[in-house]
Amino acid sequence: MLRVEHPTDVTAGTKDIIGVVEELLERAGEAGVRPDCVGVGAAGFVDASTGSVTFSPNLAYDDPHIAEAVRSRCNLPVLVDNDANAAAWGERAFGAARGSDDVAFLTLGTGLGSGFIAGGRLVRGHTGAGAEFGHLVVDPDGPECPCGLRGCIEQFASGGAIGRMGRDAARGEPASIMVRLAGSAEDVRGEHVALAAGEGDEAARSVLQRAGRFLGIGLSNVANLFDPEVIVLGGSATRAGEPYLGAARDQLARMTSAQRRRPVRLELTRLGDDGGLVGAAALALDEAS
Ligand SMILES: [Zn+2]
């Protein structure tokens, strides 16, 4: 596999995408590979029918019409979709949800991204702004979310949320291992919370359990909305391990059994951080064929 990596420029997303595509095509040419199409997984609300980003809370695109911009450089069919939609497609094609027509994929990083496949098709909504599970409001008085709302589940269940709740907890527990690892309460991030919990820090452990409980509530909501055969979890926060994932699994099991639902299969990603890349390519190929 040819691989090119550029760090994301949060102020010029499209320029970066074009840079990566041009470098990849040049390398492919050198290797005698002739690509059929280009697939792009982009953060934000993406209208896949036009390949344009309509809204992106965490990343600025210098040109929202990504597909058009890439096509003008390479003269190949270009498919652009939301990165979590692409990852859901990737898990179904090659990963933990292989062969299933009803799949939910949640990526737990700074934010909470999601992609849903129902009846073998991606759920995109009328303008591509659907399937944004992370922005379901669970507390109308909760913290502000970059999307413009307050109290989105992303603010309680994601890796970013673990960091914020860790800082809140660390301010009240200056002797916490989180503070020792981060240097100060204000510098606590999700990874410090996970490491501290691993060293037996009770405050850190309870932060992970709280985030996991919210994640479990989210998973139950996913089951109520889509009744998926399998839910796949990915993203850096899954590395926080059992205090977080176990709490989510327990919460989901409690809610599933209260409703007498069939237990949902819960899996971790098998494609890791490459799910979005692989899925975008598979989507583009499916679309081109
Ligand atoms: Zn939000």
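Along every chain, residues carry numbers that run from 1 in the direction the sequence is written. In view of the model being predicted, local features appear only for residues whose pLDDT reaches at least 70, and side-chain atom pairs are presented and counted only at 80 or more, with totals across whole chains, interfaces and linings using the full set of residues.

> Which parts of the structure should I look at to understand the overall build of the protein chain?
Strands are runs of DSSP state E lasting at least 2 residues, helices are runs of H or I lasting at least 4, and numbering of each runs from the N terminus. A count of helical and extended segments in the protein chain gives 10 helices and 9 strands. What the globule rule says is 2.2 Å times the number of residues to the power 0.38, and the radius of gyration is computed from C-alpha atoms. Against the 2.2 N^0.38 benchmark of 19 Å for 289 residues, the protein chain shows a C-alpha radius of gyration of 20 Å, consistent with a compact globule. By the burial criterion, 48% of the 289 residues in the protein chain qualify as buried. Residues are treated as contacting if the C-beta atoms built from their backbones sit within 7 Å of each other. The contacts of the protein chain with a sequence gap of at least 6 include a subset with a gap of at least 24, amounting to 64%. Here a residue counts as buried when 20 or more other C-beta atoms fall within 10 Å of its C-beta, as exposed when 12 or fewer do, and as partly exposed in between; the C-beta atoms come from the backbone.

> What exactly am I supposed to notice about helix α9 (residues 242-258) here?
The α-helix advances 3.6 residues per turn, and as a result positions three or four apart in sequence lie on the same side. Taking 1.5 Å per residue, 17 residues should reach 24 Å; α9 reaches 23 Å between its end C-alpha atoms and fits that length. For α9, the full list of buried residues reads Pro 243, Tyr 244, Leu 245, Ala 247, Ala 248, Gln 251 and Leu 252. Looking at the packing, one finds that the buried side of α9 touches α7 (190-198), α8 (202-226) and β9 (265-268). Downstream of α9 by one or two residues, Arg 260 has phi in the positive range, about 55 degrees. Helix span, as expected, comes to 1.5 Å for every residue beyond the first.

> Would you mind showing me how to read unusual backbone geometry here?
Residues other than glycine predominantly adopt negative phi, and peptide bonds predominantly adopt the trans conformation. Positive phi is not limited to glycine here, since Ala 131 has a value of about 60 degrees. Examined against the element boundaries, Ala 131 turns out to sit in the loop between β7 (121-122) and α4 (154-157). For Ala 131, a count of 25 C-beta atoms within 10 Å translates into the label buried. Backbone geometry at Arg 260 places phi at a positive 55 degrees, although glycine is not the residue there. Residue position: Arg 260 is located in the loop between α9 and β9.

> How do you make sense of the sheet that holds strand β8 (residues 230-234) when you look at a structure like this?
What makes two strands pair is DSSP finding at least two bridges between them. What the 5 strands build is an open sheet, ordered β7-β6-β5-β8-β9; its pairing is mixed. A strand with exactly one partner marks an edge of an open sheet, and here the two such strands are β7 and β9. Pairing geometry for strand β5 (residues 103-108) and β8, over 5 bridges, is parallel. Along β8, the bridge assignment pairs Thr 107 with Gly 234.

> When you look at the pairing of β8 in this model, what are you seeing that I'm missing?
Note on strand geometry: in a regular strand, side chains alternate between the two faces of the sheet. Within β8, 5 of the 5 residues are buried, leaving the element largely enclosed by the surrounding structure. Residue alternation in β8 divides its side chains into two sets, Val 230, Val 232 and Gly 234 and Ile 231 and Leu 233, and both sets are buried. Regarding the hand of the β-α-β motif, the stretch spanning β8, α9 and β9 is right-handed. Crossovers are marked right-handed if the path from the first strand over the helix to the second runs clockwise, as seen with the strands pointing away from the viewer.

> How do you make sense of the nonpolar core when you look at a structure like this?
Soluble, globular proteins show a tendency: their nonpolar side chains are buried together. When buried Ala, Val, Leu, Ile, Met, Phe, Trp, Tyr and Cys residues are joined through C-beta atoms within 7 Å, the set is termed a nonpolar core. With 85 residues, the main nonpolar core has Ile 66, Val 70, Met 178, Val 193, Leu 208 and Ala 211 as its most contacted residues. Element by element, the count of residues in this core is highest for α8, at 11 residues. Annotation comment: domain bounds sourced from an automatic or database domain assignment. Here this core spans two domains, and each of domain 1 (13-87 + 273-288) and domain 2 (101-269) adds at least three residues to it. Beyond its immediate chain neighbours, meaning those up to four positions away, Val 193 contacts Ile 162, Gly 163, Gly 166, Met 178, Val 188, Ala 204, Val 207 and Leu 208.

> What exactly am I supposed to notice about the pairing of strand β6 (residues 112-118) here?
A large share of β6 lies buried, amounting to 6 of its 7 residues. Note that β5 and β6 share 6 bridges and pair antiparallel. Within β6, the position partnered with Val 103 by the bridge is Ile 117. The pairing of β6 with β7 spans 2 bridges and is classified as antiparallel. Residue pairing in the sheet places Ala 118 in a bridge with Arg 121 of β7. Following β6, the chain reverses through 2 residues before pairing antiparallel with β7; Gly 119 in that reversal takes a positive phi of roughly 60 degrees.

> For this particular structure, what's the right way to read the domain arrangement of the protein chain?
Splitting the protein chain by domain gives domain 1 (13-87 + 273-288) and domain 2 (101-269). Taking the mean C-alpha position of each, domain 1 and domain 2 sit 27 Å from one another. On the domain 2 side, the residues contacting the 14 residues of domain 1 number 18 residues. At the level of elements, β2 (45-47), β3 (52-55) and α3 (83-94) are the ones that each hand at least two residues to the side of domain 1 that touches domain 2.

> Looking at this model, I keep getting lost on the environment of Val 232. Mind explaining?
Structurally, Val 232 can be placed in strand β8. Accessibility expressed as a C-beta count within 10 Å gives 28 for Val 232, which makes it buried. Not counting residues up to four positions away in its chain, the partners in contact with Val 232 are Glu 91, Gly 95, Ala 96, Ala 97, Val 103, Phe 105, Glu 267 and Thr 269.

> Which parts of the structure should I look at to understand the environment of Trp 89?
Here Trp 89 is to be found in helix α3. Taking the C-beta count within 10 Å as the criterion, Trp 89 has 29 such neighbours and is therefore assigned buried. The spatial distance from the C-alpha of Trp 89 to the C-alpha of Leu 268 is 15 Å, given a sequence separation of 179 residues. In this structure, Trp 89 is in contact with Leu 122, Gly 279, Ala 282 and Leu 283, ignoring residues within four places of it in sequence.

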